[in-house]
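Coordinate analysis (summary)
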Amino acid sequence: MYKILAINPGSTSTKIALYENEQEILVKTLDHPSEEMEKFEKVVDQFQMRKDVVLLFLKDNGFDVNKLDAVVGRGGMLPPVKSGAYRVNDLMVDRLKNRPVVEHASNLGALIAHEIASSIGKEAYIYDSVKVDELIPEARISGMPALPRTSTSHVLNSRAMAIKAAKNMGKNYTEMNFVVAHMGGGVSLSVYEKGRLSDIISDDEGPFSPERSGRVNLRPFMDMCFSGKYDKKTVGKMISGNGGLKGYLGTTDAREVEKMIHEGNEEANLVYRAMAYQIAKGIGELATVLKGNVDAIILTGGIAYSKMMTDMIKERVEFIAPVEIMAGENEMESLALGTLRVLRNEEQAKEYTE
Ligand SMILES: Nc1ncnc2c1ncn2[C@@H]1O[C@H](COP(=O)(O)OP(=O)(O)O)[C@@H](O)[C@H]1O
Ligand SMILES: CCCC(=O)OP(=O)(O)O
């Protein structure tokens, strides 16, 4: 019986799960209020605090850390990597600690996993990192030579949902073409073309989301950045943290927004409809990557629980392909089961290189 600890650090929480083979034994979301997080200058400064809450959680549940067979963390902002499992090695630790491609809470997944696993002489892994990059050559050209496109998306959930949708249809996902919209605190859209993540619209390239601005006009944005009114941290927060629903309506909770709409708030109604409109537009854009040969459009993430939102999106995109609603996310299961396959030698963990 393999015991696997999965760690998924998000911007406002750390999700932890303990698995025995396929069985989830313990699961917890530990929230980190914004007052607690504001004192940390950089994401890496949160390492000790987040590691401590993971260890405390295991202790409080009477679980002996020495019994673990492996620890897996959500893969962070690395240079482009392949899908599947990677062993966390010293180079990956150095990259995520000292030279992350972008500051993001997921960078701590591998670091905490590595620290805990090393302390008991076991291996740490990441699985389906946010930087899985299988873009087709055309998708790499941004239009600005200094900034080639790379892939950043919610791969862990989106790929798992594509695999599950194909299975539900009695097919292997390597035979299918999907457009997946992950709709959580951040929204990213992706194309799974016969199993390959051939293009994406990341959380800063397309639709706005509960806490992120999404795409904005570049020239006014440049003027704003150089106006001298804002520092880098504030602008970063406008993009991610205080953008989207939060920026317009003061909340990142889509349920709150729906309550406002039911109470007759016109502004909330317009902004929420605009979010659906932008997500639908992005799905339409990605359908062209598949030249219209889309087997299904998958709506997933927390917001896919909302009938109001999914109905608004469906209305605009169901002419393209059937819409599958797969609400929620199964990131913890994807991390744990991916690692289980590695422990059982059903899948090889890759060695991280640069
Ligand atoms: N039943 C629901 N109806 C509408 N929105 C929901 C529902 N459940 C969760 N959400 C929304 O989903 C979003 C969070 O999604 P989630 O996938 O948990 O994101 P993350 O993991 O990025 O925090 C929030 O805006 C939340 O309000
Ligand atoms: C799209 C990259 C990963 C990401 O933004 O994850 P969260 O939405 O969980 O912060």
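Residues numbered from 1 in each chain as written. Chains lettered and ligands numbered in written order. Predicted model: local features only at pLDDT ≥ 70, side-chain atom pairs only at ≥ 80, totals over all residues. Heavy atoms only, no water.

Taking an unreviewed UniProt entry as the reference, the protein chain is identified by name as Probable butyrate kinase belonging to Sedimentibacter saalensis. Recorded under Sequence similarities (unreviewed entry), the UniProt text for the protein chain is reproduced unchanged: "Belongs to the acetokinase family." Word for word, the UniProt comment on the protein chain under Subcellular location (unreviewed entry) is "Cytoplasm". (UniProt positions renumbered as here; feature names shortened; annotations may be inferred.)

Turning our eyes to something else, we now look at the packing of helix H3 (residues 90–98) against helix H4 (residues 107–119). At a minimum axis separation of 9 Å, H3 and H4 run at an interaxial angle of 135°. Between H3 and H4, the angle is such that the two are oblique. Of the two possible hands of crossing, H3 and H4 adopt the one that is left-handed. Counting all contacts with H3, which are made through Asp90, Met92, Val93, Leu96 and Lys97, the residues of H4 involved are Asn107, Ala110, Leu111 and His114. Per-class residue counts for the contact of H3 with H4 are five nonpolar, two polar and two charged. (Axes fitted to C-alpha atoms, helices over the stretch in contact; angles between N-to-C directions. Helix = DSSP H or I, 4+ residues; strand = E, 2+ residues; numbered from the N terminus. Parallel < 35°, antiparallel > 145°, perpendicular 65-115°, else oblique. Left-handed = near helix turned anticlockwise from the far one by under 90°. Contact = heavy atoms within 4.5 Å. Nonpolar A, V, L, I, M, F, W, Y, C, P; charged D, E, K, R; others polar.)

To continue, consider the packing of helix H5 (residues 155–168) against helix H12 (residues 331–343). At their nearest, the axes of H5 and H12 sit 9 Å apart, and the two run at 80° to each other. With respect to their mutual orientation, H5 and H12 come out roughly perpendicular. Where H5 approaches H12, its residues Leu156, Asn157 and Ala160 are matched on the opposing element by Glu331, Ser334 and Leu335.

What follows deals with the packing of aromatic side chains. If you walk through the whole model with that rule in mind, you get two aromatic pairs. Ring plane angle 70° and centroid distance 6.4 Å describe the contact between tyrosine 86 and tyrosine 352, whose orientation is recorded as edge-to-face. Here the residue tyrosine 86 occupies a position in strand S5 (residues 85–87), and tyrosine 352 occupies one in the segment after strand S12 (350–351), the gap between them amounting to 266 residues. For the residue pair tyrosine 86 and tyrosine 352, the accessibility class agrees, reading buried in each case. On the numbers, 6.0 Å between centres and 50° between planes, the contact of phenylalanine 208 with tyrosine 248 is tilted. On the criterion of sequence distance, the pair formed by phenylalanine 208 in the loop between strand S9 (196–201) and helix H6 (218–225) and tyrosine 248 in helix H8 (residues 244–249) is long-range, its members being 40 residues apart. (Phe/Tyr/Trp six-rings, centres within 6.5 Å; stacked < 30°, edge-to-face > 60°. Buried < 20%, exposed > 50% of the residue type's maximum accessible area, 1.4 Å probe, protein only.)

In this section: the environment of methionine 309. Position of methionine 309 relative to the elements: it lies in helix H11 (residues 307–317). Considered as a pair, methionine 309 and arginine 273 are 36 residues apart in the sequence and their alpha carbons are 8.0 Å apart. Once residues within four sequence positions are removed from consideration, methionine 309 is found in contact with Glu258, Tyr272, Met275, Ala276 and Ile303.

With that settled, the discussion passes to the sheet that holds strand S10 (residues 296–301). Strand order across the open sheet formed by five strands is S9-S8-S7-S10-S11, with mixed pairing between neighbours. Two strands bound the open sheet, and with one partner strand each, they are S9 and strand S11 (323–327). For this sheet, the mean angle separating the axes of adjacent strands, direction not counted, is 20°. Bridging between strand S7 (residues 177–183) and strand S8 (residues 187–193) involves seven bridges; their strand directions are antiparallel. Counterpart to alanine 181 in the pairing with S8 is leucine 189. (Pairing = 2+ DSSP bridges.)

What follows concerns the domain arrangement of the protein chain. Here the protein chain is described as being made up of domain 1 (3–131 + 332–351) and domain 2 (137–321). One C-alpha centre belongs to domain 1, the other to domain 2; they are set 25 Å apart. On the domain 2 side, the residues contacting the 13 residues of domain 1 number 10 residues. Taking both sides of the interface into account, the surface hidden between domain 1 and domain 2 amounts to around 1100 Å²; carbon and sulfur atoms contribute 46%. By the criterion of area lost to domain 2, the three top residues of domain 1 are Asp128, Val130 and Lys131, representing 38% of everything that side buries. Our enumeration of links across domain 1 and domain 2 arrives at one salt bridge. Between arginine 159 and aspartate 128 there is a salt bridge, and its shortest N-O distance comes to 2.8 Å. Run the count over domain 1 and domain 2 and you get five residue pairs in polar contact (both at pLDDT 80 or more). Each residue belonging to the side of domain 1 that touches domain 2 can be placed in one class, and the counts come to five nonpolar, five polar and three charged. (Domains from an automatic or database assignment. Buried area = accessible area lost by both parts, 1.4 Å probe. Salt bridge = Lys/Arg side-chain N within 4 Å of Asp/Glu carboxyl O. Polar contact = N/O pair within 3.5 Å; in protein donor to acceptor, adjacent residues only side chain to side chain.)

Attention shifts here to the site of ligand 1. As a matter of local geometry, ligand 1 sits amid 13 residues, with Gly185, Thr252, Asp253, Ala254 and Gly302 nearest to it. Between an oxygen atom of ligand 1 and a main-chain N or O atom of threonine 252, the distance comes to 2.8 Å. In the model, an oxygen atom of ligand 1 is placed 2.6 Å from a nitrogen or oxygen of the aspartate 253 side chain. Coverage of ligand 1 by the protein chains reaches 70% of its 580 Å² of free accessible surface. (Near = heavy atom within 4 Å. Areas by Shrake-Rupley, 256 points an atom, 1.4 Å probe, with all protein chains shown as cover.)

A few words on the site of ligand 2. In the neighbourhood of ligand 2, the contacting residues comprise Arg74, His104, Val130, Thr152, Ser153, His154, Gly186, Asp203 and Arg212. Within the side chain of arginine 74, an N or O atom sits 3.1 Å from an oxygen atom of ligand 2. Side-chain polar atom of arginine 212 to an oxygen atom of ligand 2: 2.7 Å apart, as the coordinates give it. For ligand 2, whose unbound accessible area comes to 300 Å², protein coverage reaches 89%. Partitioned by chemical class, the residues of the shell around ligand 2 number one nonpolar, five polar and three charged. Both domains that meet at the shell around ligand 2, namely domain 1 (3–131 + 332–351) and domain 2 (137–321), each give it at least three residues.

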